[in-house]
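Below are the chains, spelled out letter by letter.
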Amino acid sequence: MNQIDARGYSCPEPVLMTKNALKKGLPLQVLVDSMTPVQNITRFATNAGYQVDCKSVGEDYELTITK
Amino acid sequence: MSDPALMVGFGSSDDAAVYRVNETTALISTVDFFPPVVDDPYQFGQIAAANALSDVWAMGGAPRLAMNLLTFPRCLDLQVVQAILAGGQSKVTEAGAVIAGGHSIEDQEPKYGLCVMGFAHPEEILTNSGAQVGDVLILTKPLGTGILSTAAKAGLLTPEEHRQMVDIMTTLNRWAYEAMMPLKPNACTDITGFGLLGHVRELADGSGVTAELWADRVPVAPKALELAREGIIPGGAYNNMGYLKGAVLLDEGIPLERSDVLYDPQTAGGLLIAVPEDRAAALLDRLRDRGVSGAAVGCVRPRGEAAVRVRRHG
């Protein structure tokens, strides 16, 4: 699976990293460390026609993006 | 400890402190400073000054005296420091006030702002607790500068979009203040870090009313809605959503990017003015005459279940 680790980056970096990583194929898994990138990536991906699934992993969040 | 001369203090979440000096003079005092929101140091100084000065106009007063507050790292080029201060000076002069001194200390990151004092007649002080049922709410700048600043950090704005963003943040609320004062508004506040919804909520709670906003009538800076759809939204907007939960009732069918912008934290945002309906058209005319982009964005209703209700259409 296509994976990126966007923990430690502040907005808008995680969204831009996700946008880039989507070019390399689906599904894409994105790891982030706060709710701001969760909400921003969800907005971007949903508006671009993707589906987003989010689950907590310890103190982080794992987003899975599919078509 | 209390002092009967203190007209506005901590209690009411207002924009500045107000102290009655005598029967005809009230002193308005406020302070604000923050780290750079744009790369250009001169523009940063202008924005920080426009933001700090704004609280005095929002209380119905005229700024007269300002003091610089500055922190900067030892490695920072002296020319950068001078440019920040020159930017601040330019806006204080435009405001009709003077800089009389200030204080600077070393810090890891530059921060700049001002302590500002101004005066008003005690009877002309505008708080955020005077709004009356039937008032029209008029906003004097477009929203979206938090979103645009976030985009600017990643170089996502064209030079024209960047210029428009800086123009919004460096425009003084002096002109909106001069337009509104002869029309005797009931309440006023300025829109800053808590976003339009956060500041409208304070006005509604302070006045014991419900503020109704019309989502499609709220002016938004070019590109901001598009960026919101792309998830370029500052963390502060989500913080605002969190703390306003329960205070804001959003009607169904409002596009998400529209409601996101209503929560967007603003730097040096516009004034939000509550004016009786029969004087609203005159206020919009007076704003337009002074080159201010005023818009009627809502109205004041009797207190309902929430402090703020957002309708899809006006």
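Cut-offs applied
Positions within a chain are numbered from 1, following the residues in the order the chain's sequence is written. Think of it this way: whatever chain is written first is A, whatever ligand is written first is 1, and the rest follow in order. Per-residue local features are limited, in this predicted model, to residues with pLDDT of at least 70; the limit for side-chain atom pairs, both in listing and counting, is 80 or more; totals at the level of whole chains, interfaces and linings are taken over all residues. With hydrogens and water set aside, each side-chain value is computed from the structure's full complement of heavy atoms. Working rule for contacts: check all heavy atoms of both residues, and any pair within 4.5 Å makes them a contact. In short, buried area is how much 1.4 Å probe accessible area vanishes from two parts on joining, totalled over both. A pair is scored as a salt bridge if a Lys or Arg side-chain nitrogen falls within 4 Å of a carboxyl oxygen belonging to Asp or Glu. Helix numbers and strand numbers start at the N terminus; a helix is a DSSP run of H or I with at least 4 residues, a strand a run of E with at least 2. Burial classification: accessible surface area is computed with a 1.4 Å probe over protein chains only, and a residue below 20% of its type maximum counts as buried, one above 50% as exposed, and the rest as partly exposed.

K.L.:
For this particular structure, what's the right way to read the interface of chain A and chain B?
P.N.:
Where interface size is quoted, it is often the accessible area lost as the parts come together. With twelve residues of chain A at the interface, the matching set in chain B holds 16 residues. Summing both sides of the interface, chain A and chain B together bury roughly 1100 Å²; the carbon and sulfur share of this comes to 56%. Taken together, the connections running from chain A to chain B amount to two salt bridges. Of the charged contacts, one joins aspartate 260 of chain B and arginine 43 of chain A as a salt bridge, the two residues approaching to 2.6 Å between their closest N and O atoms.

K.L.:
I tried to follow the pattern of salt bridges on my own but got confused; where do I start?
P.N.:
Proximity of charged atoms lets side chains of opposite charge pair with each other. Considering all chains together, one arrives at 19 salt bridges over all chains under this definition. Among the salt bridges present, the one from lysine 91 of chain B reaches glutamate 94 of chain B, with a minimum N-O distance of 2.8 Å. Here lysine 91 of chain B and its partner glutamate 94 of chain B are both found in helix α2 (residues 78-94), three residues apart, which amounts to about one turn of the helix. Assessed through its relative accessible area of 29%, glutamate 94 of chain B is described here as partly exposed. Put simply, Asp5, Arg7 and Asp60 of chain A are held in one network by salt bridges that share partners.

K.L.:
Just to check I follow, could you spell out unusual backbone geometry for this structure?
P.N.:
Glycine aside, the phi torsion of most residues is negative, and most peptide linkages are trans. Note that the residue after cysteine 11 of chain A, namely proline 12 of chain A, is joined by a cis bond; omega there is 10°. You can see proline 12 of chain A is positioned in the loop between β1 (2-5) and α1 (13-22). Leucine 26 of chain A connects to proline 27 of chain A through a cis peptide bond whose omega is -10°. Within the fold, proline 27 of chain A resides in the loop between α1 and β2 (28-32). At alanine 268 of chain B, a residue that is not glycine, the phi angle is positive and equals roughly 50°.

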